[in-house]
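# Secondary and tertiary structure notes
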Amino acid sequence: MERIKLNIDGRDIETQKGKNILEASLEGGIYIPHLCHHADLSPIGACRLCVVEVEGVEGVHTSCNTPALDGMKVKTKTEKTDHMRRLAMELMLAGHPPDCGTCIKYLNCELQSLKQYLVSDHLSVKRRSKLFPVNTGNPVFAQDPNKCVLCGRCVRACHELRGVGVLFYKRKGKETYIGTASDLPLADSGCRFCGACAEVCPTGSIMDKEEFAKGKSRKAALVPCRYACPAEIDVPRYIRFIQKKDYSAATAIIKEKVPFPKVLGYVCDHPCESVCRRGEINQSISIRNLKRYAAEHDEEKLWEKNSNKKPSTGKKVAIIGAGPAGLTAAYYLLNQGHTVAVFESMPLAGGMMRYGIPEYRLPRDILDSEIRDIEKRGVEIKTNTRVESIDKLFEQGYDAVLVTVGAHKGQKLSIPGADNEGVLISLDFLRDINSGKKVKLGRKIMVLGGGNVAFDCARVARRLGAEQVNIACLECRTDLPAACDEVKQGEEEGILINPSKTFTQILCQNGKIAGVEFLDVESFSFDEDKNPQIEVIENSQHVLEADTVIFAVGQRPEIPDGFGLVTAANNLIELDSYTFSTSREGVFAAGDAVIGTASVIKAIASGRKAAIAVDQFLEGRGDIDEKLAPVSEPQKCLGPGEGFASMSRCEESCMLPEERLQSFCKVVHDMDEETADYESKRCLQCDLRLKITPVKFWASY
Ligand code: SF4
Ligand code: SF4
Ligand code: FES
């Protein structure tokens, strides 16, 4: 590219041919006030703040649309430019609300910053009020036309940058404002809700609604799906590859953060979906299903080709427990060049994914294939091997130990009758069923608890032939801790939910369980120390019949004494939250044994963090992130969005309830390509906004 030299305010500046004076000046560190200019948009010379004088050319010139030429001599601060700027600024301020202190853009407003730079509070022109109503009727964005200074950035962003073209300059009486054709709501105008307008607006006239930003980092507010994911999977990036039907690249992106894309495609509790911005328009993107579709159609295995195992460090890591946290840590530590062995007390690896989650939710061939991928990379999994002493592992030459034993001990409440025959504990029950053992069940089952484990027990009981299955829990119906799909599918399968109940005793007749006595709960919450606070309704005792009771009221880890680890409440392992190290040097912990029973994705995220900590302990850099998919700049132009806002979510389809109950076959149907394509195209691509060049204020020059 040809280079040119010009002189600005007495300084020689070199720049690329084709730049304008404003760009050349800012590049050279000389600030010229500007407002309608934005680095990603074409210049229009509207605000006239950027005026300069050019030697040998008469008058003042807007520097944002005057080309920088070789040998040019420019003055940015003269009597004329100062006068012109002040006048232009005062005209803008005259029609803008005077009180910055109450504006939510306070201290982030380019106009406010320029006002401080250019003029005093006193204006020589008369103020006027525009009296437009504030428009909060659109999803995601609020618009206050009174704050608009007609810089036109939003219009250019909407037309040039995104190619959507729904914002226009409009007139009402003597005032100009920014609006849609026929002033229709954004959703009816073909808006794609990409947020470019709000991003470039210098004044806060178009802004994200306050609730999106409150208490969140900028990234979490703008790309909520990615930052609500405990492992921070780059959701919009992989959805873009699904749009291009490149499922291998999409899977590779997921694999950059988690080694179990398929498993998560079946069982993730998808916190990303509850915050997805598309949910504000109609329904959130079906992110989990798209993940499953991509992972199950990854034929090229790009992740395998691009994944780089670092040279051997000669260090050995022992991981105790082959659940999601342990296997995740093993995968990433192996990639760092360490030798990794995973010790598992059960006959097969997978932890709660195998022995907790029933097969109809997570087919075992899916789990097996992803565990095999980890083994193929070189992780050794020693099943049927219970570890009782960490000292012995150190004696065997391991340099670090990671404890990921999960929380497999189900609990009973100590109420009368809890030790009767016919009273089962959730995880023992599920473990037996998932290991292929026979379990003696009655016909009328009462599951005590309202979480996913309770629903798993109830749904398994139905598949085993129980005629009547009740779930009773402390929480009210709207606060059930179980995932919505579990509740929905459970009810479809005939499970009766009895919310807001506390259990007082299990009744027995002739040595057999006859029922459970309950009290109705008025209110249920936790105090500051996380102790349950239950208020019951007086005289509300009643009995529900049952011949089998399953406790699903929580689980805790079992930590062998031989580990010598300090534990806290509920037998969770105590950790230094910064280093992930336990009370013993060289011993780390992760997963449910530390955080308590959570979700597969939380356990995986915890395994990733532990892998970073262990690698750093072993003198690595703790840099476990990989780029497994092509890194290319996404297409900035989205094109017209007619009908975009009304595209409805493709819900997961399932087998009919009566068919489901016949076996432990997977319940959900596979998505087809057309549906995956449609669903991926509903995504707003919220991350594109982070790629818009940020504006620098004058104080940073
Ligand atoms: S709404 Fe914002 S970006 Fe659009 S013209 Fe007004 S001030 Fe400029
Ligand atoms: S619309 Fe797409 S990018 Fe935006 S939050 Fe939802 S999934 Fe993420
Ligand atoms: S920045 Fe040049 S005229 Fe507005």
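For the structure given in this document, a descriptive report is provided here. Source: prediction; values computed, not measured.

## Notes on helix α9 (residues 235-243)
Within α9, 8 of the 9 residues are buried, which leaves it mostly tucked inside the rest of the structure. Of the residues making up α9, those classed as buried are Val235, Pro236, Arg237, Tyr238, Ile239, Arg240, Phe241 and Ile242. Positive backbone phi, approximately 65°, marks Lys245, located one or two places after α9.

## Details of the sheet that holds strand β16 (residues 444-448)
Taken together, 5 strands build an open sheet; the order of strands is β15-β23-β16-β17-β18 and the sheet is parallel. Two strands lie at the open edges of the sheet, namely β15 (423-425) and β18 (496-498), each paired on one side alone. Strand-to-strand, the axes of this sheet are offset by a mean angle of 20°, without reference to chain direction. Bridge analysis of β16 against strand β23 (residues 548-551) gives 4 bridges, and the strand direction is parallel. What sits directly across from Val447, in β23, is Ile550. Against the sheet, helix α20 (residues 426-434) makes contact with β15 and β23, and its axis sits at roughly 80° relative to β15, the strand it touches most. Lying on the sheet, helix α21 (residues 452-463) is in contact with β16, β17 (468-472) and β23; it crosses β17 at an angle near 175°.

## Some words on the site of ligand 2
By nearness alone, 15 residues border ligand 2, and Cys225, Pro236, Cys276, Cys683 and Cys686 come closest of all. Listing elements by their share of the shell around ligand 2, those giving two or more residues are α8 (224-228) and α9. It is α9 that contributes the most residues to the shell around ligand 2, 3 residues altogether. A class-by-class count of the residues in the shell around ligand 2 yields 12 nonpolar, 1 polar and 2 charged.

## Considerations on the sheet that holds strand β11 (residues 339-343)
The strand order across the open sheet formed by 5 strands is β12-β11-β10-β13-β25, and the pairing between neighbours is parallel. Two strands lie at the open edges of the sheet, namely β12 (380-382) and β25 (587-589), each paired on one side alone. Each strand axis lies, on average, 20° off the axis of its neighbour in the sheet, ignoring direction. Bridge count for β11 against β12 is 3 bridges, and the pairing is parallel. If you follow Val342 over to β12, its bridge partner there is Ile381. Along the sheet, helix α16 (residues 324-335) contacts β10 (316-320), β11 and β13 (400-403); its crossing angle with β11, the most-contacted strand, is approximately 165°. Its contacts with the sheet put helix α24 (residues 600-617) on β10, β13 and β25, and the angle it makes with β13 is roughly 165°.

## A few points about the site of ligand 1
Near ligand 1 there are 14 residues, and of these Cys148, Cys151, Cys154, Cys201 and Ser205 occur at the shortest range. Each residue belonging to the shell around ligand 1 can be placed in one class, and the counts come to 10 nonpolar, 3 polar and 1 charged.

## Some points on helix α14 (residues 287-296)
With 9 of 10 residues buried, α14 lies mostly within the body of the structure. Of all the residues in α14, the buried ones are Ile287, Arg288, Asn289, Leu290, Lys291, Arg292, Tyr293, Ala294 and Ala295. Among the structural elements, α8, α9, α10 (247-255), α11 (261-267), α12 (271-275) and α26 (673-680) are those in contact with the buried residues of α14.

## Quick word on the pairing of strand β3 (residues 51-54)
Judged from the 3 bridges that link them, β3 and strand β4 (residues 60-62) form a sheet pairing that is antiparallel. Following the sheet pairing, Val51 is matched in β4 by Thr62. Here β3 hands over to β4 after 5 residues, with Gly56 in that stretch at a positive phi of 85°. As paired strands, β3 and strand β5 (residues 73-75) are joined by 2 bridges and run antiparallel to one another. From the neighbouring strand, Glu53 faces β5, where its bridge partner is Lys75.

Rules used throughout
Residues numbered from 1 in each chain as written. Chains lettered and ligands numbered in written order. Predicted model: local features only at pLDDT ≥ 70, side-chain atom pairs only at ≥ 80, totals over all residues. Buried ≥ 20, exposed ≤ 12 C-beta atoms within 10 Å, placed from the backbone. Helix = DSSP H or I, 4+ residues; strand = E, 2+ residues; numbered from the N terminus. Pairing = 2+ DSSP bridges. Axes fitted to C-alpha atoms, helices over the stretch in contact; angles between N-to-C directions. Contact = placed C-beta atoms within 7 Å. Near = placed C-beta within 6 Å. Nonpolar A, V, L, I, M, F, W, Y, C, P; charged D, E, K, R; others polar.

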